[in-house]
Amino acid sequence: MSKLPRDFYIRDTITVAKDLLGKVIVHKSDNGVTKGIIVETEAYLGPKDAAAHSYKSKREGRTNIQYGIGGFAYVYLIYGMYYCMNIVTQEENVPEVVLLRALEPLEGIPLMMQRRNTDKLKNLCSGPGKLCMAMAIDKTCYGMDLCGDQLYIDDAPSLHPENIIASKRINIDYAGEAKDYLLRYTIKNNKFISVPVRN
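None of these values were measured; they are calculated from a predicted model.

Trainee: Can you tell me about the overall build of the protein chain, naming the residues and giving the values?
Mentor: When helices and strands are counted, the protein chain shows four helices and eight strands. Computed over its C-alpha atoms, the radius of gyration of the protein chain comes to 15 Å, within 12% of the 16 Å expected for a compact globule of 199 residues. C-alpha atoms of the protein chain, sized along the principal axes, occupy 40 × 40 × 35 Å. Here the protein chain holds 199 residues, and 52% of them are scored as buried. Sequence-distant contacts in the protein chain: of pairs separated by 6 or more residues, those separated by 24 or more amount to 61%. Total accessible area on the protein chain stands at roughly 9,600 Å², and carbon and sulfur atoms take up 50% of it.

Pasting the structure below:
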């Protein structure tokens, strides 16, 4: 497989969020290589999206990386204990990202199980915090170039549109009308997604 090029990331964020489905994220750590198929994403559309970290923010602090060119990792801590990985999209000064919400484990599964302290395959990467723990993605990955050789995404055949489901994003009830945007994307009938899609 070939690594996704910069041009993949510097496009419309919704397009990137959909096109990431089926692609393979790779992390080469000191303990070994882990890989997972991306099965669930969420798009966050910057200043026009009340659920986005860059909504009403400036180019400083943790969101600084979002204002750069696409193809870099935006990693942050939630609840003081779990990391989440986002992929910066778009051209410079358009602070939009795609959150990785779930993976289907592909390689390095025993290492993932050790990190997560579970032998349940479906539960390994079924959530943004879980996948980061399984893949050893933490604050040291903030700002990593996804066109580099440590943390990156391999290409894979694109999914047919009928196999992509759009639904509301998870846990953003604070975001006013933005909580109803259909910006969560999942692979149809995939058993590794984080939360079942409500009809």
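Trainee: Tell me what's going on with the pairing of strand β6 (residues 151-154), and back it up with residues and numbers.
Mentor: Both faces of β6 are covered, namely the face carrying Leu151 and Ile153 and the face carrying Tyr152 and Asp154. Here strand β1 (residues 24-29) pairs with β6 via four bridges, running antiparallel. Note that in β6 the partner of Val26 across the bridge is Tyr152.

Trainee: Just give me the short version of the packing of aromatic side chains, but keep the residues and values in it.
Mentor: Counting across every chain of the model gives three aromatic pairs. Between Tyr74 and Tyr76, the ring centres sit 5.3 Å apart and the planes meet at 35°, which makes this aromatic pair tilted. Neither Tyr74 nor Tyr76 differs from the other in exposure class; each is buried. Taken together, the ring pairs in this structure connect Tyr74, Tyr76 and Tyr142 into an aromatic cluster. Against the face of Tyr152 rests Lys3, its NZ or CZ located 4.7 Å from the ring centre. Lying over the aromatic face of Phe8, Arg11 brings its terminal NZ or CZ to 4.6 Å of the ring centre.

Trainee: Quick one: what's the story with helix α4 (residues 128-135), residue by residue and with numbers?
Mentor: The element α4 is extensively covered by neighbouring structure, given that six of its eight residues are classed as buried. All buried positions along α4 are accounted for by Pro128, Gly129, Leu131, Cys132, Ala134 and Met135. Phi for Ala136, located one or two positions after α4, is positive at around 55°.

Trainee: Which residues make up the side chain of Thr13, and what values go with them?
Mentor: Along the chain, Thr13 turns up in helix α2 (residues 13-19). For Thr13, the residues in contact, after removing those within four places along its chain, are Ala43, Tyr44, Leu45, Thr89, Gln90, Glu96, Val97 and Val98.

Trainee: Which residues make up the side chain of Gln66, and what are the values?
Mentor: The topology assignment puts Gln66 in the loop between β2 (32-44) and β3 (73-78). By relative accessible area, Gln66 is classed as buried at 1%. Apart from residues lying up to four places away in sequence, Gln66 is in contact with His53, Ser54, Tyr74, Val88, Val94, Pro95, Glu96 and Val97.

Trainee: I'd love a proper account of the pairing of strand β4 (residues 82-89), names of residues and values included.
Mentor: Within a regular beta strand, the side chains point alternately toward one face of the sheet and then the other, so they alternate between its two faces. Of all eight residues that make up β4, six are buried, and the element is covered over most of its length. Bridge count for β3 against β4 is six bridges, and the pairing is antiparallel. Considered in β4, the bridge of Leu77 is made with Tyr83. Taken together, β3 and the strand that follows it, β4, pair antiparallel across an intervening segment of three residues, in which Tyr79 is found at a positive phi of about 55°. Taken together, the four bridges between β4 and strand β5 (residues 96-107) define a ladder with antiparallel strand orientation.

Trainee: Which residues make up the pattern of salt bridges, and what are the values?
Mentor: Counted by the stated rule, this structure contains twelve salt bridges. Here Asp155 ties to Lys23 by a salt bridge, and the two come within 3.3 Å at their closest N and O atoms. Taken together, the residues Asp155 in the loop between β6 and β7 (164-167) and Lys23 in the loop between α2 and β1 connect sequence positions 132 residues apart. We classify Lys23 as buried; its relative accessible area is 2%. Ionic pairing is found between Lys179 and Asp180, a salt bridge with its closest N-O pair at 3.6 Å. The class of Asp180 is partly exposed, set by a relative accessible area of 37%. Bridged by salt links that share partners, the residues Glu40, Glu42, Arg101 and Arg184 form one connected network.

Trainee: Tell me about the nonpolar core, and name the residues and values.
Mentor: Leu20, Ile25, Met85, Ile137 and Leu151 are the most contacted members of the largest nonpolar core, which has 43 residues in total. Sequence-distant contacts of Leu20, defined by excluding residues within four places in its chain, comprise Leu4, Phe8, Ile38, Thr41, Ile87, Val98 and Ile153. Formed by 14 residues, the second largest nonpolar core is a distinct cluster that contains Ile65, Cys84, Leu99 and Ala178.

Reading guide: rules and limits
Every chain's residues receive numbers from 1 upward, in the order its sequence appears when written. Only residues with pLDDT of at least 70 get local features here, since the model is predicted, and only at 80 or more are side-chain atom pairs given and counted; chain-wide, interface and lining totals rely on the full set of residues. Excluding hydrogens and water, the side-chain figures rest on all heavy atoms present in the structure. Working definition: helices are DSSP H or I runs of at least four residues, strands are E runs of at least two. Numbering for both runs from the N terminus. For this measure, only C-alpha atoms enter the radius of gyration; the expected value for a globule follows 2.2 Å times N^0.38, where N is the number of residues. Categorising residues by exposure relies on relative accessible area from a 1.4 Å probe, with only protein chains included: less than 20% of the type maximum marks a residue as buried, more than 50% marks it as exposed, and the intermediate range marks it as partly exposed. For this analysis, residues touch if any pair of their heavy atoms sits within 4.5 Å. For the area figures, the Shrake-Rupley method with a 1.4 Å probe applies, and any residue is considered shielded solely by the protein chains shown. Paired strands, as defined in this entry, are two strands with at least two bridges between them according to DSSP. Between 30 and 60 degrees the pair is tilted, below 30 it is stacked and above 60 it is edge-to-face, where a pair is any two Phe, Tyr or Trp rings, Trp via its six-membered ring, whose centres lie within 6.5 Å. Charges are assigned to positions over rings by a cutoff of 6 Å between ring centre and Lys NZ or Arg CZ, combined with an angular limit of 35 degrees from the ring normal. A carboxyl oxygen of Asp or Glu within 4 Å of a side-chain nitrogen of Lys or Arg is what we treat as a salt bridge. Joining through side-chain atoms within 4.5 Å is the link that ties buried Ala, Val, Leu, Ile, Met, Phe, Trp, Tyr and Cys residues into a set, and such a set is a nonpolar core.

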